[in-house]
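# Commentary on secondary and tertiary structure
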Amino acid sequence: MSTERPDERWGTRLRDLAEEAPRALPDPALWDRGRRYARLRRGGTAAVAALGVLAVVAVGAVSWQRAAPPAQLAPASAPAAMPDRLYDPSPWLTGTEEEGPLGQLAAIIPAERGSWTGKETEIVGVSATTGEYRFLDLPRQADVGVALSPDGRHVAYWATGETTESPNLRDGGALPPAGVAIYDSVTGRVELHDIATAHGLMASDLVWADLSTLLVNYAQYRGGEGDPDMDRSLGRNVPWQVLRLGGELRELGSPLDDGDVWGGGDGVVVMSGSGRNVGRWLVDPARPRQPQRLRLDRGSFVPPRVSPDRRRIAGVPGNRAPNRLAVADLSGDGRSAFEPVPGSRRTLEVIAWNDEEHVVVLRHDRDEVGMYYVTVVETAVESGEQRDLVVVPPDLANSPQFALDLLGGPIVEAVEPPDPMDPRVVVGLSGGAVVAAGAGILVWRRRVQP
């Protein structure tokens, strides 16, 4: 009879079974195989992660490079000048709120500005000193016209504000204008002038008569939200207002208060009259009650411009575009006849006079592949000799406004602005790279098994 206890018998049997069982692999081989798989998984994981990091860095580098300012920018202390061409601005340019004022402007361009939720039309300024492009962050800007002063120092625009009754909301629910503002492009300060209004202003014209005198024209909406459609679409005319920098809005005081501005130059504007004052008149804001009747043999297809000595006027007679530039002498007592300027048949618009002998116009041009574009050209009114000043690409058409005083000064080589990537694309590509790297790591670790 066995003297082993039950627990000892079971232990002996288990040892015997373990000794009889076949071995699958020698112990050292099993250990080495496990270590190889571990090293392979770690190496593959690190490689996939590194590729993901490289992809994110590459997206960031491309985004930074496209957003970096051009290396050839002139210093801010450089003399003001007009660039020899304009560029179509990127929707993702920075704004003055982030980067500060641009200083004196050579031009302003309406352009689409991108955001995380869509795009809206805002104003890009082009520096007259450095050549930089930057969105102008204009407080309370309404989605209607702006006007650049002749020296490029000030931008006048319509401003939104409070109404005493229901506002007349524009398309998309935008608030109507309720005042006028003037932005100083050097200091960044804004001069705001609120206008009392029940439903908002039906904005019309903002016209710089000279460096410090702005003419303002608007009507008062008859109705707002909840009123009949007829009242919402009609306005009550208000006499022309005049605003001098640092002053207050006041009535111009001209007998042509209900007319439209049709041109100007050298401190005067060409206004239309009605009733007994029907026709075209020269109005000097310094002497608004003494308008000078214009007696021209033909009308101008585009707003005409008056020479610095106020003795001649340049326009584009006829009803076709483009057409020929013509000049009329205003010094006589009778009717003034428009005389065509040689070689000017492709004139689209008259911009300004540089002096008594040279006028600046927009010329209609076509490149070698048939694309139409516009060139700002200085033309001698006697000989028709032309000098190209600024090339405006097809995408901009007639939308830019120029600092007119700079068109008679030096023309410098333009600086192409940066073209930042859409930040939504940057985030999407970076996020996609991270997700792809994570998925790659997961697939790799599942595939590499002992």
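Anything mentioned here points back to the structure above.
None of the values given here were measured: they were computed from a predicted structure.

Right, let's talk about the environment of M371 for a bit. Turning to its location among the elements, M371 is positioned in the loop between strand 23 (358-366) and strand 24 (372-380). On the accessibility criterion, M371 (44% relative accessible area) is partly exposed. Spatially, the C-alpha atoms of M371 and P393 are 9.4 Å apart, while their sequence positions differ by 22 residues. With near-sequence residues (within four places) excluded, M371 lies in contact with D365, R366 and P394.

Inspection of every chain in the model, using the stated rule, returns one aromatic pair. When the centroid spacing of 6.3 Å and the interplanar angle of 80 degrees are considered together, the rings of W158 and Y218 count as edge-to-face. Placement of the pair is W158 in strand 6 (residues 154-160) and Y218 in strand 10 (residues 213-221), with a sequence separation of 60 residues. When sorted by exposure, W158 lands in the same class as Y218, which is buried. For the cation-ring pair, R85 lies above Y87, with the distance from its terminal atom to the ring centre recorded as 4.3 Å.

What follows covers the pattern of salt bridges. Evaluation of the coordinates by the stated rule reveals 15 salt bridges. A salt bridge links R113 to D137, with the nearest nitrogen and oxygen atoms 2.6 Å apart. Residue R113 is located in strand 2 (residues 105-115), and its partner D137 is located in the loop between strand 4 (133-135) and strand 5 (141-148); the two are separated by 24 residues in the primary sequence. For R113, a relative accessible area of 14% translates into the label buried. A salt bridge links D284 to R287; its shortest N-O distance comes to 3.1 Å. For R287, a relative accessible area of 44% gives the class partly exposed. Among the charged side chains, a network of salt bridges with common partners joins R346, R363, D365 and D388.

Spatial strand order, 5-6-7-8: four strands in an open sheet with antiparallel pairing. One side of each edge strand has no neighbouring strand; the edge strands of this open sheet are strand 5 and strand 8 (190-194). On average, each strand axis in the sheet is tilted by 20 degrees relative to the strand beside it, whichever way the strands run. Examined bridge by bridge, strand 7 (residues 177-184) and strand 8 share five bridges and lie antiparallel to one another. Note on strand 8: the bridge partner recorded for V180 is H193.

Criteria and thresholds
Residues numbered from 1 in each chain as written. Predicted model: local features only at pLDDT ≥ 70, side-chain atom pairs only at ≥ 80, totals over all residues. Heavy atoms only, no water. Helix = DSSP H or I, 4+ residues; strand = E, 2+ residues; numbered from the N terminus. Buried < 20%, exposed > 50% of the residue type's maximum accessible area, 1.4 Å probe, protein only. Contact = heavy atoms within 4.5 Å. Phe/Tyr/Trp six-rings, centres within 6.5 Å; stacked < 30°, edge-to-face > 60°. Lys NZ or Arg CZ within 6 Å of the ring centre and 35° of its normal. Salt bridge = Lys/Arg side-chain N within 4 Å of Asp/Glu carboxyl O. Pairing = 2+ DSSP bridges. Axes fitted to C-alpha atoms, helices over the stretch in contact; angles between N-to-C directions.

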